[in-house]
Amino acid sequence: MGGQVYLLCFVTLAISFTAGGEVCVSGHDSGPVFEEQPSSLVFPVGLTEEKVTLACQARASPAATYRWRVNGTDVPVGEDPRYEMVAGNLVISSPQYNRDAGSYQCLAINRCGTVISRPANLKFGYLHDFPPDDRSPQTVYEGAGATLICQPPAHYPALSYRWFLNEFPSFVQPSGGRWFVSQVTGNLYLAKAEVNDSGNYFCFTTNNMDISTKSVFSRANPLTVLPDASPRKSAPNIKVRFPSETYALTGHTTHLECFAYGNPVPKIHWRKVDGSLPSKAAASTNSPTLTLSDLSFEDEGVYECEALNSEGRDTYQGRITVQAQPEWLQVMSDSEVEISSELRWSCAAAGKPRPSMRWLRNGHGKLKISHLALEDSGMYQCVAENKHGTIYSNAELRVQVQAPDFRLNPVRRLVPAARGGQVIMECKPRAAPKPTLFWSRGTELLTNNSRVTVTPDGNLQITNISRADEGKYTCFAENYLGKANSTGHLSVRDATKITLAPSNADINQGENVTLQCHASHDPTMDLTFTWSLNGVLYHYKETVGDLVIVNGQLGHAGTYMCTAQTVVDSASATAKLVVRGPPGPPGGVIVTDINETALELRWSRGYDNHSPIGKYIIMGRSPLSPEWRRMQTDPPTIEGNAESACVTGLLPWMDYEFHVIASNILGSGEPSMPSQMVRTREAAPTVAPSGLGGGGGDHHELIITWTPMAREYQNGDEFGYILAFRKRNTPSWMVVKVPHAESSRYVYSNQSLSPYCPFEVKIKAYNRKGEGPFSQMALVHSAEEALTAFEMLVCWESVQDLTTNIVRGYEIRYWRQHEKEAAADRVRTAGLETSARVSGLRPSTFYYVTVLAYNSAGTGPPSPRATVITKKPPPNRPPGNVSWKTDGSWVTVMWDHVKAMKNESAVLGYKVKILVIEWLSKIRLFCWTVERDLITRKP
């Protein structure tokens, strides 16, 4: 991981006076400063009627004149009519690639100097047509991957790519994961071919330039996808790979491409191998193109693309190296220096690779270091450049010649000072060369002693001031061009003193406290108070020094300093405030010794905030219970000196995270940072599934249902259910395994099953750690026989066996509601069956039913009367508008729904019959019963 490289460049100028040349007037003239510089552009080849304008404008006094260079040579403005200067801008008519392509720079010039602009590249864009040659057809089998090659024609700059199918503008939509168009090569990739993908594909390329756009498309790429009755499944195979080493610039955007063949269609996932994936890439982490915008050096590293499906995975890695254009860290600034003195200029730039540095004076590449004079005034530029760009820093140098002059900066007329303190009186006249400075008090020339010092830069410093020091002080300045002086009056005042200093204080959180501060001072001056906390300005008060803290918090604790201040001096005093409160958050929470239902938690003590920690509580949460809740622990009460505890009562195979809260007599503190998410170990299930039941279904079926077990009861991976069932009053159990936690039903089919046969059923759960307990037994019946609107099923209990009167069968009598029982219809059964189906009834009709036993002597007494209402009849209209279409091995059948009348039963589904006539006159009839909205079936 590499960052930017920094380069610092210094120049020292020894300035001396030399006359000659056009004069740049100090205080009136100024050298050129760019307000607009030329920018690089791409111009389309062949636009002979168009013009190119390269901008250049500079602020200067007097106004600047302009010149242009291309590739270091002057542009022949005025000699070649194709070139025209418009207020500094260069206008090129009918640009031509072989004459005008190159690197352009603008020079802005006046009598104070010359500056040169950054380079601007004029390049020419083009896009040729695709070759007219036919392209080879491609054939693949259903389920396989395919690549269609674009082979774009010659072009500049880079192209964008799309593909269309059969006719424009039927563009291929890459959404869904099967298709991908590489914006690097232009190729079209297909992860898993389908039969309806067959067709002619055209590569459509677009060249976007500054002033125009051009698009061309290729000849057809024929693709044929052959049907396969059982398409072969395949693990991912990455076909589009980003470079193993990618170089990118800070602030720019880079794209990494990755796409794979596979059946099922692979999912793409990105990660950063040596760190976290930048949040800016979140929107594209599951896309074939990873987009990293506004790059920084933190984005540098190794990135991995993973392609995953149910058959396996494939991965690919590559590195991004981030580089940077030059960037100024320190720039030059305009300077006015006196003749015969020294000026130290510096500029520093960062970049990667490390920028090289050079200097320009008035647009030329030489810099004179020694024997400088007045004519060395001018415009200077520091240039930093690497392979990614060039930057310029401009500054104007003015060499000054002047006799001493105090008019712009006289000695301060009244200088107050505190008795016992110190004062500095400044003397800073304008002069070039540097003048000699000295001070006098009245007629007495001042010399350095224990209290009075004239500093090397000419300032007068007096310490331990007394009333006797009051009076007028004069500064004299002299160079070979002349003399000048300036006078100020020193006024001595009473010193400021703290008369009541603040006292140390100790409070509980939420209490109030007052820190007092009083001071004496010179009555002729205003007094102000300021307070600082731990060295940082905290509060400002104008006249009253007391500081009142209301509802004190832990953040208020620390060292307070009261400062009483006048314009001439100040005095300070300090006090410490202790705030007692609930403990701070514990630190370093880690989880160890994890088992199925318990684990150990460790932490480090946080701040007690001046009140001993009394106890800890542990809070936890899981994905199934996202709110923090108090956990069971061993010991139940965790003392304040503890730094570990056992968390109990956890669920096996469950993810948890924890935090710890400390408390004392003043309350509970903030929680610690959460621990890492951990998972308890697996265990065999401990509870049985609930909701065991069933019934219904088709003829000869036993349907058993239950409520799927929630995640918190599964206790481990590879979870499923074990069913045990048997006919009632039989000894042996049938046992089956039903995998998957989400399973909720099992269908047992047996042609020998009689209708509505009772079964005893029980169920238990299993995982890879073992089996759980069985549930309570439930009674579930096999399916009843389906009844039409013209039938009813009559069931009864058999007559007790009578040794003297053998029952030969049963007689069922039934009659409609408005009829007499004497007119009842009769049906007899032979044998000892206890149920019978009665047909030939009327739909939607109320019937009475009774059953009698009979033998050779006649019928016995009737059973109690029962009632039944037959079903409504089905709709008597067939579905309308039946149509179908084929797609490979699929047949799609469509029809209009049938709406039941009020006197008809609701439509529950449809039966679809397809007559298939094959070679040799073989005929097969397919028949399916489908739900209402199902309209597609694969034979």
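Residues numbered from 1 in each chain as written. Predicted model: local features only at pLDDT ≥ 70, side-chain atom pairs only at ≥ 80, totals over all residues. Heavy atoms only, no water.

Going by the annotation in an unreviewed UniProt entry, the name recorded for the protein is Contactin-3, with Scleropages formosus given as the source organism. What UniProt records for the protein under Sequence similarities (unreviewed entry) is the sentence "Belongs to the immunoglobulin superfamily. Contactin family." (UniProt positions renumbered as here; feature names shortened; annotations may be inferred.)

The helix and strand tally for the protein stands at 1 helix and 82 strands. Compactness check: the protein gives a C-alpha radius of gyration of 49 Å against a globular reference of 30 Å for 939 residues, more than 25% above the reference. By its C-alpha atoms, the protein is 165 × 90 × 55 Å across when sized along the principal axes. Across the 939 residues that make up the protein, the buried fraction comes to 42%. Put simply, 64% of the contacts in the protein that link residues at least 6 apart link residues at least 24 apart. If you sum the accessible surface of the protein, you get close to 51,200 Å²; carbon and sulfur atoms cover 50% of it. Here the protein contributes 91 positive and 91 negative side-chain charges, whose respective centroids are spaced 5 Å apart. (Helix = DSSP H or I, 4+ residues; strand = E, 2+ residues; numbered from the N terminus. Rg over C-alpha atoms; globule rule 2.2 N^0.38 Å. Buried < 20%, exposed > 50% of the residue type's maximum accessible area, 1.4 Å probe, protein only. Contact = heavy atoms within 4.5 Å. Areas by Shrake-Rupley, 256 points an atom, 1.4 Å probe, with all protein chains shown as cover. Lys, Arg positive; Asp, Glu negative; His and termini not counted. Charge placed at Lys NZ, Arg CZ, Asp CG, Glu CD.)

Per the UniProt record, "domain: Ig-like" (unreviewed entry) is annotated on residues 32-123, 131-218, 236-321, 326-398, 404-491 and 496-578. Between the end C-alpha atoms of residues 32-123 there is a gap of 28 Å, over a span that is 4% helix and 57% strand. Strand forms 41% of residues 131-218 and helix 0%; the C-alpha atoms that close the span are 8 Å apart.

This paragraph deals with the pairing of strand β79 (residues 890-894). Of the pairings in the sheet, the one linking strand β78 (residues 883-887) to β79 comprises 5 bridges and is antiparallel in character. Among the inter-strand pairings, D887 is bridged to a residue of β79, identified as W890. Here β78 folds back onto β79, and the loop between the two strands holds 2 residues, one of which, G888, carries a positive phi near 65°. (Pairing = 2+ DSSP bridges.)

Quick look at the sheet that holds strand β17 (residues 179-181) now. What the 3 strands build is an open sheet, ordered β14-β18-β17; its pairing is antiparallel. Of all the strands in the sheet, the pair left with one neighbour each is β14 (146-148) and β17. Direction aside, neighbouring strands of the sheet carry axes that sit 15° apart on average. Bridge analysis of β14 against strand β18 (residues 188-190) gives 3 bridges, and the strand direction is antiparallel. Each residue of the ladder has a partner; that of T147, found in β18, is Y189. (Axes fitted to C-alpha atoms, helices over the stretch in contact; angles between N-to-C directions.)

Our focus in this paragraph is the nonpolar core. Counting residues in each nonpolar core, the largest one holds 22 residues, and the members touching the most others are W68, L90, Y104 and L122. Elements with a minimum of two residues in this core: β3 (41-44), β4 (51-54), β6 (65-70), β9 (89-93), β10 (102-110) and β12 (120-127). (Core = buried A, V, L, I, M, F, W, Y, C linked by side-chain atoms within 4.5 Å.)

Residues F168 and P169 are joined by a peptide bond in cis, for which omega reads 5°. Residue P433 is bonded to the preceding A432 through a cis peptide linkage, with omega at 5°. Topologically, P433 is positioned in the loop between β37 (430-432) and β38 (436-441). Positive phi values are uncommon outside glycine, yet D294 reaches one of about 45°. Relative to the elements of secondary structure, D294 occurs in the loop between β26 (289-292) and β27 (301-309). Unlike most non-glycine residues, N609 shows phi in positive territory, near 50°. Tracing the backbone through its elements, the reader meets N609 in the loop between β54 (599-604) and β55 (615-622).

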